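# Structural characterization, general
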Amino acid sequence: MKNTTIFSIRKISLIALLSTLAYVGRILFAWIPNVQPVTVILLIITLEIGLVEGILTASLSMFLSNIFLGMGPWTLYQIASFAIVILVFSCLKPLWSRTWKQPLLKLAFFTIMAGLTGYLYGFVISIFSVYFYHIPKFWVYYLQGLPFDTLHAFGNIGFWILLSPLLPRIIQKYQHKFQ
């Protein structure tokens, strides 16, 4: 009898493993402000597996890493910000699934889009921060954080170039091995 539940034990274990990968990546690169592989890992999960799995992985990895890095109300804002970024990025899934005549063009396009998500995340988390800390001038606050968003964007570009050829293969191999 085939398992018809949305989340099988295999899928849950895959999400747990990928959450651990994001957690370890965040901890290893915590010494560099805003340069961590978490965003790229979440984006690839979203493209390869799905939107819900990407958000679940974001939630679990933020919760786990913030136990180590510092837990607070910002944890919920980080999860919500990643959820919005993942939701926006999931609109690119049809382009990801498509066969491209020039694979380098696909790599360039998604590398740029991954970089832009660094700015999107910074914008969204700034909205939450302004509300939480009662900061009177959003644009002043946001513009002061722009150098950190730029670091996030460049980190995403670098990690996309490194992880996008590798991580989808691992995910596909894991999924096919246990189906």
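The preceding data block contains the structure.
Residues numbered from 1 in each chain as written. Predicted model: local features only at pLDDT ≥ 70, side-chain atom pairs only at ≥ 80, totals over all residues. Heavy atoms only, no water.

## Topic: helix α2 (residues 38-48)
- Counting buried residues in α2 gives eleven out of eleven residues, a clear majority hidden from the surface.
- Gly50 occupies a position one or two residues after α2 and carries a positive phi of about 160°. (Buried < 20%, exposed > 50% of the residue type's maximum accessible area, 1.4 Å probe, protein only. Helix = DSSP H or I, 4+ residues; strand = E, 2+ residues; numbered from the N terminus.)

## Points about the nonpolar core
- If you look at the biggest cluster of nonpolar residues, it comprises 33 residues, and the most contacted ones within it are Leu18, Ile44, Phe82, Phe89, Phe110, Trp160 and Ile171.
- A total of eight residues in this core trace back to one element, the largest contributor, which is α2.
- Setting aside its immediate chain neighbours within four residues, Phe82 contacts Val38, Thr39, Leu42, Ala58, Met62 and Tyr121. (Core = buried A, V, L, I, M, F, W, Y, C linked by side-chain atoms within 4.5 Å. Contact = heavy atoms within 4.5 Å.)

## Quick word on unusual backbone geometry
- Of note, the phi angle at Asn34 is positive, near 65°, even though the residue is not glycine.
- By the secondary structure assignment, Asn34 is in the loop between α1 (9-28) and α2.
- By relative accessible area, which is 30% here, Asn34 ends up partly exposed.
- Positive phi outside glycine occurs at His134, with the angle close to 55°.

## Some points on helix α7 (residues 138-163)
- Residue Leu146 marks the point of greatest curvature in α7, where the axis turns by about 45°; the proline Pro147 follows within four residues.
- By the burial criterion, the buried members of α7 are Phe138, Tyr142, Asp149, His152, Ala153, Gly155, Asn156, Phe159, Trp160 and Leu163. (Bend = angle between axes of the 7 residues up to and from the residue.)

## Side note on the packing of aromatic side chains
- Scanning all chains against the criterion turns up 19 aromatic pairs.
- Ring centres 5.1 Å apart and planes at 85° place the aromatic pair Trp96 and Phe110 in the edge-to-face group. Residue Trp96 is found in helix α5 (residues 93-97), and its partner Phe110 is found in helix α6 (residues 103-133); the two are separated by 14 residues along the sequence. Comparing Trp96 with Phe110, the two get one shared label, buried.
- A centroid spacing of 6.0 Å and a plane angle of 40° characterise the contact between Phe123 and Trp139, whose relative ring orientation is tilted. Taken together, the residues span a long stretch of sequence, with Phe123 in helix α6 and Trp139 in helix α7 at a distance of 16 residues.
- Accessibility expressed as a relative area gives 53% for Trp139, which makes it exposed.
- Members of the aromatic cluster, each reached through a chain of ring pairs, are Phe89, Trp96, Trp100, Phe109, Phe110 and Trp160. (Phe/Tyr/Trp six-rings, centres within 6.5 Å; stacked < 30°, edge-to-face > 60°.)

## Quick notes on the side chain of Ser126
- Here Ser126 is to be found in helix α6.
- Under the relative-accessibility criterion, Ser126 is labelled buried at 7%.
- Reaching out from Ser126, the side chain makes a polar contact with the backbone oxygen of Gly122 at a distance of 2.7 Å.
- Sequence-distant contacts of Ser126, that is, excluding residues within four places in its chain, are made with Phe138, Tyr141 and Tyr142. (Polar contact = N/O pair within 3.5 Å; in protein donor to acceptor, adjacent residues only side chain to side chain.)

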